[in-house]
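Fold and geometry: a report
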Amino acid sequence: MVLSVFRWLAVGALALGLGAGAARAQGAPPPTLGPLPAAAPTEPGSPRALPDFLDVAYAQSPLLGDLRNQVLQNRLDSLRRKAQNGVQVAGIGAAVASPSITNSSGEQVVGYDQAVSNGGNYATLAQATKPVLNRFQLQTDYRILGNQGLVLRNTGRLSTLDLRRSVTDQFLTAYAAQLQFDFSRALLGQLRQQDQQLRQLVNAGVFKQTQYLSFYLSVRTQEVTVEQNRLGYRRELGTLRYLCGVADTALVALAVPGAPVRRPLAGLASITQRQYTLDSLRYQLDRQAVDASYRPKLSAVLDAGVQSSQPGLLALGHSTGLGAGFLLALPIFDGHQRQLQYQRIDLGERSRRGYRQFLTVQRQQQYDQLGALIRASEALAARIREQLRIAEALVGAARQQLATGDVMILDYLNLVTSYRTLQFSLTQAETDRLRSQYALDYLAE
């Protein structure tokens, strides 16, 4: 890519050569360069470090807030189930008339049989019911609600981990874009510092003005690269703020991210594996719920009030009473639905085992692969540092020879660009190593 750029620069310099020669013949001075673009500022009010972005993301995430509210709702459901097992009092009112029409002979023409209707039903009762002998049903319901609460809490931890992964990955992407902007800006600054020296050498006749124009064109090209990198960094920083819910558009410099401490791979107690443990418990509770639904249900009933077949006040006044007893519900036959529900639960458990086994192998493979990537990144960074040491020595020697005209401008420009490219490659390799280290850290949760 660098060679193609400089081939283009050489062609541009050649195209400008004729015009530059004419300008030199007329005594025109070389073109001047503008000021260096400003770097990203540091504002105290905007989050810059990765922990700050994560804190804002946790606080602003509506999903995490919704899951916290669902945990509170689960607690209210437990209290509601406890209240359902207590005494339930209800008021019952009935005013049902069953009129009858008779003919002249006294025979009933229209109306229910008196043994059925008694003329009507007029009642005002207070009824209290209380489930009894339902300890197994109650314990099963409490365990199901408790399992639902554990699932919601683990889902919250999973969502937090996913949010941390997304924000961290985007932070590293934005930080790499910032480094690219900083390096391209530093290269432009170094080229501008060399501009004054080259002007003096051109005026002294050491270099031709056409050679300086090639250098000038490369500086202009680097200015365009700096502005492109600034826009790229602004875009990645905006995406990071979008993920975290930060209402800020200022271009600020991000803090250097630190490397997490390497931890061993989490086993079956990890957040992602725990969901399958809770699913196994849920299937066991589903079987208990099926068994509980086929147990006899017994409730004690007590009522008191007024109930009569006549609407008159005198009849109602003599119809006050109370009653007590038990209500029993006993399932007898439902077409073998119990066995069908068992089979359905068994199929779900079989799928759960398959998912869990696949995830276990997948996590171990990812952990080993990330470890290998980290070692490769460290080896690559060591090689780049060695090349940087050599490139730095070459740039220093070429800078001294440039003053005497022993090195061509394009050759010196190639060395400087290669040195800056190696610096950026080193930072990019370290950023990739950080990305792998954070991915490895997620597997320890």
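Refer to the structure above for everything that follows.
This section reports on the structure supplied with the text. Just so it is clear, the structure is predicted and the values come from calculations on it, not from any experiment.

**Focus on the overall build of the chain**
Helix and strand counts for the chain stand at 10 helices and 6 strands. Across the 445 residues of the chain, 36% fall into the buried class. Within the chain, contacts between residues at least 6 apart in sequence are counted, and of these 84% link residues at least 24 apart. By element, 58% of the accessible surface of the chain is carried by carbon and sulfur atoms, the whole surface being about 26000 Å².

**Some points on the packing of aromatic side chains**
Under the criterion given, the structure shown has 4 aromatic pairs. Ring centres of Phe183 and Phe424 lie 5.9 Å apart, and the angle between their planes is 80 degrees; on these two criteria the pair is classed as edge-to-face. Here Phe183 is found in helix H5 (residues 135–203), whereas its partner Phe424 is found in helix H10 (residues 409–442), with 241 residues between them in sequence. Owing to a relative accessible area of 18%, Phe183 belongs among the buried residues under this scheme. A ring pair is formed by Tyr212 and Phe215, whose centres lie 6.2 Å apart and whose planes are at 35 degrees; its orientation type is tilted. Here Tyr212 pairs with Phe215, and both are found in helix H6 (residues 209–244), just 3 residues apart, close to one helical turn. As far as the burial class goes, Tyr212 and Phe215 line up, both buried. Following the ring pairs from residue to residue traces out a cluster consisting of Tyr212, Phe215 and Tyr216. When the ring centre of Tyr342 is taken as reference, the NZ or CZ atom of Arg287 above it lies at 4.3 Å.

**Some words on the nonpolar core**
In this structure, Leu198, Phe207 and Phe215 are the most contacted members of the largest nonpolar core, which totals 29 residues. The set of elements that each furnish at least two residues to this core consists of H5, H6, helix H9 (337–402) and H10. Ranked by the residues each element gives to this core, the list is headed by H10, at 8 residues. Among all residues touching Phe207, those that are not within four sequence positions of it are Leu198, Leu201, Val202, Leu402, Gly405, Val407, Met408 and Ile409. Listed in part, the 26 residues of the second largest apolar core include Leu179, Cys244, Leu254 and Leu434.

**Considerations on the side chain of Arg164**
Here Arg164 shows up in helix H5. At a separation of 3.2 Å, a polar atom in the side chain of Arg164 contacts the side chain of Asp441. Once you skip the residues sitting within four places of it in the chain, Arg164 turns out to touch Leu54, Tyr58, Asp441, Tyr442 and Glu445.

**Some words on the environment of Leu268**
With respect to the secondary-structure elements, Leu268 resides in the loop between H6 and helix H7 (271–293). In this structure Leu268 touches Gln273, Arg274, Thr277, Arg356 and Thr360, once residues within four positions along its chain are discounted.

**Examining unusual backbone geometry**
Backbone geometry at Leu133 places phi at a positive 55 degrees, although glycine is not the residue there. Residue position: Leu133 is located in the loop between strand S4 (120–132) and H5.

**Side note on the pairing of strand S5 (residues 297–308)**
The pairing of S4 with S5 spans 11 bridges and is classified as antiparallel. Its bridge partner lying in S5, Thr124 is registered against Val306.

**Re the packing of H5 against H6**
Contact geometry for H5 and H6: axes closest at 8 Å, N-to-C directions at 160 degrees. Taken together, the axes of H5 and H6 lie roughly antiparallel to each other. Two packed elements cross with a definite hand, and for H5 against H6 that hand is left-handed. Taken together, the residues of the contact of H5 with H6 sort by class into 19 nonpolar, 13 polar and 7 charged.

**Some details on the sheet that holds strand S1 (residues 88–97)**
One open sheet holds the 4 strands; their spatial order is S1-S4-S5-S6, and the pairing between them is antiparallel. The strands lining the two open edges of the sheet, one partner per strand, are S1 and strand S6 (320–329). On average, adjacent strands in this sheet sit at an angle of 25 degrees to one another, irrespective of strand direction. By the bridge criterion, 10 bridges tie S5 to S6 in an arrangement that is antiparallel. Its bridge partner being in S6, Ala304 is matched across the sheet by Leu322.

Analysis parameters
Residues numbered from 1 in each chain as written. Predicted model: local features only at pLDDT ≥ 70, side-chain atom pairs only at ≥ 80, totals over all residues. Heavy atoms only, no water. Helix = DSSP H or I, 4+ residues; strand = E, 2+ residues; numbered from the N terminus. Buried < 20%, exposed > 50% of the residue type's maximum accessible area, 1.4 Å probe, protein only. Contact = heavy atoms within 4.5 Å. Areas by Shrake-Rupley, 256 points an atom, 1.4 Å probe, with all protein chains shown as cover. Phe/Tyr/Trp six-rings, centres within 6.5 Å; stacked < 30°, edge-to-face > 60°. Lys NZ or Arg CZ within 6 Å of the ring centre and 35° of its normal. Core = buried A, V, L, I, M, F, W, Y, C linked by side-chain atoms within 4.5 Å. Polar contact = N/O pair within 3.5 Å; in protein donor to acceptor, adjacent residues only side chain to side chain. Pairing = 2+ DSSP bridges. Axes fitted to C-alpha atoms, helices over the stretch in contact; angles between N-to-C directions. Parallel < 35°, antiparallel > 145°, perpendicular 65-115°, else oblique. Left-handed = near helix turned anticlockwise from the far one by under 90°. Nonpolar A, V, L, I, M, F, W, Y, C, P; charged D, E, K, R; others polar.

By themselves these figures say nothing about function.
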